[in-house]
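What the coordinates show
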Amino acid sequence: MVVLKSSRELELMKDACKISAEALMVAGEAVKPGVSTWEIDKIAYDYIKKQGAEPNFLGLYDFPATACISINNEVIHGIPSKKRIVQEGDIVSIDLGAKINGYNGDNAATFAAGTCSPEAQRLMDTTREALFKGIEQAVPGNRIGDIGHAVQAYCEERGYGVVRDFVGHGVGKELHEDPSVPNFGHEGRGIRLLPGMTLAIEPMINQGTFKVKQLSDGWTVVTADGKLSAHFENTIAITNNGPVILTKV
């Protein structure tokens, strides 16, 4: 069931989303050669707690950390570890969120450690831009398929694979709500978008094939061909005045 948020609920969500966005920013600033993914996770945890909020990934479906931190060919759900050290040229995807006053925020971005390759930078730039292409379609009267089609078309025209097995979602009192928001699809298909809907739009884009596989840890998802992947996400609200990015610093 899709829950439409009132203006009061949107104000409460703004608080959660602001903390989520700031936590992502400080975690991203920590990405550099020599740092462990555990240290990055700890920075995000400490920031969220300092704001009086709760890290909403921690313990969700038994996930053991504040942030999913995925490096290079890891698409999503990488588990932070003291043994996983970021190297020069790595691209590091961080996905995290915060909950406060009963509402959730959710966002992600991919950061370069030091200087990455031109190919990696192009992948990140394309994925980030695809996110905004999708957000542009999040207007009343459009349909879910319009968002996914915009992301898919933009990325596939540039030779990239659009992950099918994982999608965006509604956000609100629960971190994961209806509807699902695929990064692929057909224009004019799917449920109609209405004011008050709050969505996490999150392109996961691969340098090669769209196919992925899950590692034996039960969480980490990697590209099937070992090529790079990037991930960007914002929580947005659909309004009569157009989409509003809630997870914006």
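First, a word on scope: everything that follows refers to the structure included in this document. Keep in mind the model is a prediction, meaning the values are calculated, not measured.

The next point concerns the pattern of salt bridges. Should their charged atoms come close, side chains of opposite charge can pair. All told, the structure shown has nine salt bridges when counted by the stated rule. For Glu54, the salt bridge goes to Lys49, with nearest N and O atoms at 3.0 Å. For Glu54, a relative accessible area of 42% gives the class partly exposed. With a relative accessible area of 34%, Lys49 lands in the partly exposed category. Here Asp125 ties to Arg128 by a salt bridge, and the two come within 3.2 Å at their closest N and O atoms. Placement of the pair is Asp125 and Arg128 together in helix H3 (residues 118-136), with a separation of three residues, close to one helical turn. By relative accessible area, Arg128 is classed as partly exposed at 32%.

For the rest of this paragraph, the subject is the pairing of strand E5 (residues 103-112). Among the ten residues in E5, eight count as buried, and that is most of the element. Both strand E4 (residues 91-100) and E5 contribute to a ladder of ten bridges, which runs antiparallel. By the bridge assignment, Ile100 is partnered in E5 with Tyr103. Linking two consecutive strands that pair antiparallel, namely E4 and E5, is a turn of two residues; a positive phi of about 55° is found at Asn101 within it.

Take the sheet that holds strand E13 (residues 229-231) next. Pairing within the open sheet is antiparallel, and its three strands lie in the order E6-E10-E13. The sheet is open, and its two borders are formed by strand E6 (161-162) and E13, each paired with just one other strand. Note: E6 against strand E10 (residues 204-206), two bridges, orientation antiparallel. From the neighbouring strand, Gly161 faces E10, where its bridge partner is Asn206. Packing against the sheet, H3 makes contact with E10 and E13, and its axis sits at approximately 35° to E13.

Another aspect to go through is the side chain of Glu177. Within the fold, Glu177 resides in strand E8 (residues 177-181). When its relative accessible area of 15% is taken as the criterion, Glu177 is described as buried. A polar atom in the side chain of Glu177 sits 3.1 Å from the backbone nitrogen of Glu174.

About the thresholds
All residue numbers refer to position in the chain's written sequence, counted from 1. Confidence filtering applies because this is a predicted model: local features only for residues at pLDDT of at least 70, side-chain atom pairs given and counted only at 80 or more, and all residues used for totals across whole chains, interfaces and linings. Side-chain numbers come from the whole structure's heavy atoms, not from hydrogens or water. Any carboxyl oxygen of Asp or Glu within 4 Å of a side-chain nitrogen of Lys or Arg constitutes a salt bridge here. For every residue, the accessible area (1.4 Å probe, protein chains only) is compared with the maximum for its type, and the residue is labelled buried under 20%, exposed over 50%, or partly exposed between those bounds. Each helix is a run of H or I in the DSSP string that is no shorter than four residues. Each strand is a run of E no shorter than two, and both are numbered from the N terminus. Only strands that DSSP links by at least two bridges are regarded as paired with each other. Here, two residues are considered to be in contact whenever any of their heavy atoms come within 4.5 Å of each other. All axes here are fitted lines through C-alpha atoms, helices being fitted over the stretch that makes contact, and every angle between N-to-C directions spans 0 to 180 degrees. Two N or O atoms form a polar contact when they lie within 3.5 Å of each other; inside protein one atom must be a possible hydrogen donor and the other a possible acceptor, and for residues adjacent in sequence the pair counts only when both atoms belong to side chains.

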